[in-house]
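Results of the structural survey
One-letter residues, chain by chain:
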Amino acid sequence: MITAALSRRAEQLGAEGAAFVTATVVHVQRPASVEPGNVALVLADGTIEGFVGGVCSEHSVRAYALQALQSGQAVLLRILPFSEHGEGSPSAPVAAEDGAVVVQNPCLSGGVIEVFLEPVLPAPRVLVVGDTPTAEAVLLIGAQLGLDAVRVKGEGLDLRPGDLALVVAAHGRDELHTLRRGLEAGLPYVGLVASPKRGTGVLAELRGDGVSEEQIARIDVPAGLDIGARTPAEIALSILAKIVAVRREERAASAADPARSSVVAGAGASNPAPLAVDPICGMTVAAVPSTPQLIYGGETVYFCCEGCKSKFEASHEHAGT
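Cut-offs used in this document
Residues numbered from 1 in each chain as written. Predicted model: local features only at pLDDT ≥ 70, side-chain atom pairs only at ≥ 80, totals over all residues. Heavy atoms only, no water. pLDDT = per-residue confidence, 0-100. Contact = heavy atoms within 4.5 Å. Patch = residues over 30% accessible without salt bridge, like charges linked within 9 Å, V, L, I, M, F, W, Y side chains within 5 Å. Areas by Shrake-Rupley, 256 points an atom, 1.4 Å probe, with all protein chains shown as cover. Salt bridge = Lys/Arg side-chain N within 4 Å of Asp/Glu carboxyl O. Helix = DSSP H or I, 4+ residues; strand = E, 2+ residues; numbered from the N terminus. Buried < 20%, exposed > 50% of the residue type's maximum accessible area, 1.4 Å probe, protein only. Phe/Tyr/Trp six-rings, centres within 6.5 Å; stacked < 30°, edge-to-face > 60°. Core = buried A, V, L, I, M, F, W, Y, C linked by side-chain atoms within 4.5 Å. Pairing = 2+ DSSP bridges. Axes fitted to C-alpha atoms, helices over the stretch in contact; angles between N-to-C directions. Right-handed = clockwise from strand over helix to strand, strands pointing away. Expected span 1.5 Å × (residues − 1). Arc of directions from axis to C-beta.

Looking now at the confidence of the model for the chain. Looking at the chain, pLDDT values average 84 and 85% of them are 70 or higher. Every residue in residues 84-91 is under pLDDT 50, and counting partners more than four places away or in other chains gives 18 contacts.

Shown next as structure tokens:
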């Protein structure tokens, strides 16, 4: 079970808007040093707080926890000793299916460990500008959709990494400046609540201020899907439906291209670290600063432990440090 200290730490991370993974040991086949119910937190930089096994098990947990952060999906990780499946490379999963992955661990001491990896991602912020009934409805319904819908002022707009959307429903107050800020920040969704006629006028003013056609094309105006909405609640529903669609598209794109993952992961979750393969033992490790490494041939080489690093240095006379 999770300890009181680790539970407090998880609460602290949540309050800070940080993304992390809860790693819970759910099954152990002896010999193994870990117990069922042991819990650790894996932070977005690869730091592990808590205990889920020895160094070798930690590398597998870290590597696949960071992948879970990227995908946003929980995964059951089954770590087997390499000998159980005979010859072959442990650098890739020996089996994978929806929600589960099985990996070989060349230095596991004969046991089997199953760890449930559950990503905890802060709700992405939807910034709402305006005191109109539509703005109020976006704030109310957005919270029910698991979004962090917050009212902000156009002046001094506080944008953060991981922000998902900007909805300007201010009826002409400080719209141009606010829209430009949202576009410059690269928010996935920027919407303006306005009639088609007024919206066309706002876009014309932005063109006159030097905003490119490419940027202007990113503004959703009138904001939301065309569902024939009339009331503030219906308009808010159409806007939030569009935002949800954009969020899902961004997540799908990030799965194919990790460089885009910072938005969908939510505030506090920078791009998850890529994976690397230890050239000595073949273990998959996370390419993070805490992983043993050295520079060789102008490239960074990562290792599961200092022992593999030393073996590499001994066999490569010109390896850097």
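Time to look at a nonpolar patch on the surface. A cluster of nonpolar residues, L225, I227 and L237, forms a patch on the protein surface that exposes about 260 Å² of accessible area. Mapping L237 onto the fold places it in helix α7 (residues 232-256). The exposure class assigned to L237 is partly exposed, which follows from its relative accessible area of 46%.

Working definition: an aromatic ring pair is given by the centre-to-centre distance plus the angle between the planes. Within the structure shown, the criterion is met by two aromatic pairs. Centroid distance Y296 to F312: 5.3 Å. Interplanar angle 85 degrees. Geometry classified as edge-to-face. One end of the pair, Y296, is in strand β15 (residues 293-296); the other, F312, is in helix α9 (residues 306-315), with 16 residues separating them in the sequence. Put simply, the rings of Y296, F303 and F312 touch in pairs and so form one group of aromatic residues.

Moving on to the environment of R173. Within the secondary structure, R173 is located in the loop between β10 (165-168) and α4 (175-184). Residue R173 is classed as exposed on the basis of its relative accessible area, which comes to 64%.

Bringing the nonpolar core into the picture now. By size, the foremost hydrophobic cluster in this structure holds 28 residues, and its most contacted members are V61, L77 and L117. If you list the elements that add at least two residues to this core, you get β1 (20-29), β2 (39-43), α2 (55-71), β4 (75-81), β6 (100-105) and β7 (112-120). Considering each element in turn, this core owes the most residues, seven residues, to α2. For L77, the residues in contact, after removing those within four places along its chain, are S60, V61, Y64, V101, V103, I113, E114, V115 and L117.

Under the defined criterion, the tally for this structure stands at 10 salt bridges. As a salt-bridge pair, R125 and D163 come within 2.8 Å of each other at their nearest N and O atoms. Within this pair, whereas R125 is found in strand β8 (residues 125-129), its partner D163 is found in the loop between β9 (148-152) and β10, the two being separated by 38 residues in sequence. Between E213 and R207 there is a salt bridge, and its shortest N-O distance comes to 2.5 Å. A relative accessible area of 39% places R207 in the partly exposed class. Each member of the salt-bridge network shares a partner with another, and the members are D131, E136 and R151.

A few words now on the sheet that holds β8. Taken together, the five strands give an open sheet; going across it, the order is β9-β8-β10-β11-β12, and neighbouring strands pair in parallel fashion. The open sheet has two free edges, formed respectively by β9 and β12 (219-220), since each of these has just one partner strand. Helix α3 (residues 133-144) rests against β8 and β9 of the sheet, and its axis sits at about 155 degrees to β9. Against the sheet, α4 engages β8, β10, β11 (189-192) and β12, with an angle of about 165 degrees to β11.

A separate point is the pairing of β10. Burial of β10 is two-sided: the residues A165 and V167 facing one way and the residues L166 and V168 facing the other way are all buried. Sheet topology places β10 next to β11; four bridges connect them, and they run parallel. Of the residues in β11, the one forming a bridge with V167 is G191. Of the crossover connections in this fold, the one passing from β10 over α4 to the parallel β11 is right-handed.

Turning our attention to helix α1 (residues 4-15). In this model α1 runs 17 Å from its N-terminal to its C-terminal C-alpha over 12 residues, within 8% of the 16 Å that 1.5 Å per residue would give. Three or more residues of α1 are buried, namely L6, A10 and L13. Burial along α1 is one-sided: seen end-on, the buried residues are contained in an arc of 65 degrees. Seen from the buried face of α1, the exposed residues on the opposite side, beyond 90 degrees, are A4, R8, E11 and A15. Summarising the contacts, the buried residues of α1 are in contact with β1, β2 and β3 (48-50). Once α1 ends, the next one or two residues include G17, with phi positive near 75 degrees.

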